[in-house]
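The chain contents come next:
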Amino acid sequence: MASLSPGKISRYSEPLWMPYCQMKTASPPIHVVATEGVELILNDGRRLLDAMASWWCACHGYNHPHLTASMARQLDVMPHVMMGGVHHDPATRLASRLVNLLPGELNHVFFSDSGSTAVEVAMKMAVQSYRNRGLERRRKFVAFANAYHGDTTGAMSLCDPVRGMHHRFAGTLLEQHHLSVPRTATQRNALCRLLRDQGDQFAGVFIEPLVQGAGGMRFHDADTLRFLREVTLQHELPLIADELATGFGRTGTLFAVEAAGIVPDIICLGKSMTAGMIGMAATVATDAIYETFYSDDPADAFMHGPTFMGNPLACAAANASLDLFETEPRLEQVAAIEAVLCERLEPARVIADVVDVRAMGAIGVIQVDELRDVDRLRSAFVDRGIWIRPFGDVIYTTPAFTMPLDRVRFLADTMVEVTREWSTWT
Ligand SMILES: *Cc1c(COP(=O)(O)O)cnc(C)c1O
């Protein structure tokens, strides 16, 4: 029988194909049989402290009783129903709660099933919004170096074309325009020039506010976001905030754009929206965008509709997660985690090969010159009881907001200790 077995057994006939993984040479994945709180329980009984929260998603930890009970109730009543021509309370309730939480006139919620799809939906929305006004030329987007917006083809075209993980698809994707995130005066001028000279070909500007995630955990400040808002307003170009990773408290405010006091024209949400319980995403548009679709012409309707759009079980999870943001002190917990990560990761700065150490909200990063021996590094963490997945040039953590602070200290201290050890490997 084929299995993800360690050792020399060939995985040539393995039925389970893993993501971002060279199946032939990579170390076997860890075998998880259960989750509990902030831990993964392995098939051999070991427990690992989870530094990843399952790719930023499990913000309240695993198996939170309020999440599981809400989903169990929904499972009995109506696990799923199509959304074409049908609506239901879990979806209407979630849409209005999101609208109430989001800043400004982000008042129209389009549900989908994954973050990449939410990005595709935002791209289509922006392009069709112009077409509904007779502006056919506007179809390209401005995106940034180190950007990551997803794995589907439209979303891939927005990712960093050089350093991103999709360079094997060069030449097959939509052409977008990539610039450096406009931090410095020179970078800001470059964006201004581009929009001045070629602005009328663009349908929007995509940014991951405050933190660029899978493109390398790069941070920028609120001032950069305010600048982006200002120039896009000048050129009447939609600013599209991809908050798949940052949304729902990760950077310290409920949404990262709030830290800059700006309102984007479109915002993409997902990942921790359901607290990691089940796949779901949303693309939320302002009144101004929505109005360009709202007409007597059926051809102006937005032509999109994923099969599992607004899945009631996912809506129940998302509604329950919002309950927890209301009843438990999540943002205070994020602030406390940030303080611990800042203090405890700092000693890594002097390690050879470390080029930067940074933390924002519940995100802690040790950036190195070049990440060698990734498999061995991962094992060194597992040996110390931690699940962490270094990639690119970063060793990073995005823990659950409910992780007790003594565990966060242990996690950060271990990140420093293992990085120090790693730097001596030859
Ligand atoms: C994860 C992520 C996506 C893609 O979401 P999926 O649910 O994996 O399709 C897009 N953008 C950002 C910023 C992300 O972090």
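For the structure, see preceding data.
Residues numbered from 1 in each chain as written. Predicted model: local features only at pLDDT ≥ 70, side-chain atom pairs only at ≥ 80, totals over all residues. Heavy atoms only, no water.

Asks: When you look at the site of the ligand in this model, what are you seeing that I'm missing?
Replies: Around the ligand, a shell composed of Ser114, Gly115, Ser116, Tyr148, His149, Gly150, Glu208, Asp242, Leu244, Ala245 and Lys271 is seen. Between the ligand and the protein, one listed contact pairs an oxygen atom with a side-chain N or O atom of Ser116 at 2.6 Å. Separating a nitrogen atom of the ligand from a side-chain N or O atom of Asp242 is a distance of 2.7 Å. Contact with the protein chains removes 82% of the 380 Å² of surface that the ligand exposes when unbound. (Near = heavy atom within 4 Å. Polar contact = N/O pair within 3.5 Å; in protein donor to acceptor, adjacent residues only side chain to side chain. Areas by Shrake-Rupley, 256 points an atom, 1.4 Å probe, with all protein chains shown as cover.)

Asks: Got a minute to help me understand the environment of Val408 in this structure?
Replies: Tracing the sequence through the fold places Val408 in helix H13 (residues 405-424). When the C-alpha atoms of Val408 and Arg344 are compared, they prove to be 9.1 Å apart, with 64 residues separating the residues in sequence. When residues no more than four places from it in sequence are discounted, the contact partners of Val408 are Ile337, Val340, Leu341 and Met403. (Helix = DSSP H or I, 4+ residues; strand = E, 2+ residues; numbered from the N terminus. Contact = heavy atoms within 4.5 Å.)

Asks: How should I be thinking about a nonpolar patch on the surface in this particular structure?
Replies: Taken together, the side chains of Tyr20, Trp55 and Met165 make up a nonpolar region of the molecular surface, amounting to roughly 300 Å² of accessible area. Looking at the element boundaries, Tyr20 is found in the segment before strand S1 (32-36). Judged by its relative accessible area of 44%, Tyr20 is partly exposed. (Patch = residues over 30% accessible without salt bridge, like charges linked within 9 Å, V, L, I, M, F, W, Y side chains within 5 Å. Salt bridge = Lys/Arg side-chain N within 4 Å of Asp/Glu carboxyl O. Buried < 20%, exposed > 50% of the residue type's maximum accessible area, 1.4 Å probe, protein only.)

Asks: Sorry, what's going on with the environment of His60 here?
Replies: Checked against the element boundaries, His60 lands in the loop between helix H1 (53-56) and helix H2 (65-77). Exposure remark for His60: the relative accessible area of 4% places this residue in the buried category. Along the primary structure His60 and Glu328 are separated by 268 residues, whereas in three dimensions their C-alpha atoms are 9.6 Å apart. Leave out the neighbours within four places in its chain, and His60 touches Leu67, Ala275, Ser321, Leu324, Phe325, Arg330 and Thr402.

Asks: Is there a simple way to think about the packing of helix H3 (residues 89-101) against helix H10 (residues 312-327) in this case?
Replies: Relative placement of two packed helices is described by the angle separating their axes and the distance separating the axes. With their axes 9 Å apart at the nearest point, H3 and H10 run at an angle of 40° to one another. Judged by the inter-axis angle, H3 sits oblique to H10. As H3 packs across H10, the resulting crossing turns out to be left-handed. Contacts between H3 and H10 involve Pro90, Ala91, Arg93, Leu94, Arg97, Leu98 and Leu101 from the former and Pro312, Cys315, Ala318, Asn319, Leu322, Asp323 and Glu326 from the latter. For the contact of H3 with H10, the per-class residue count stands at 9 nonpolar, 1 polar and 4 charged. (Axes fitted to C-alpha atoms, helices over the stretch in contact; angles between N-to-C directions. Parallel < 35°, antiparallel > 145°, perpendicular 65-115°, else oblique. Left-handed = near helix turned anticlockwise from the far one by under 90°. Nonpolar A, V, L, I, M, F, W, Y, C, P; charged D, E, K, R; others polar.)

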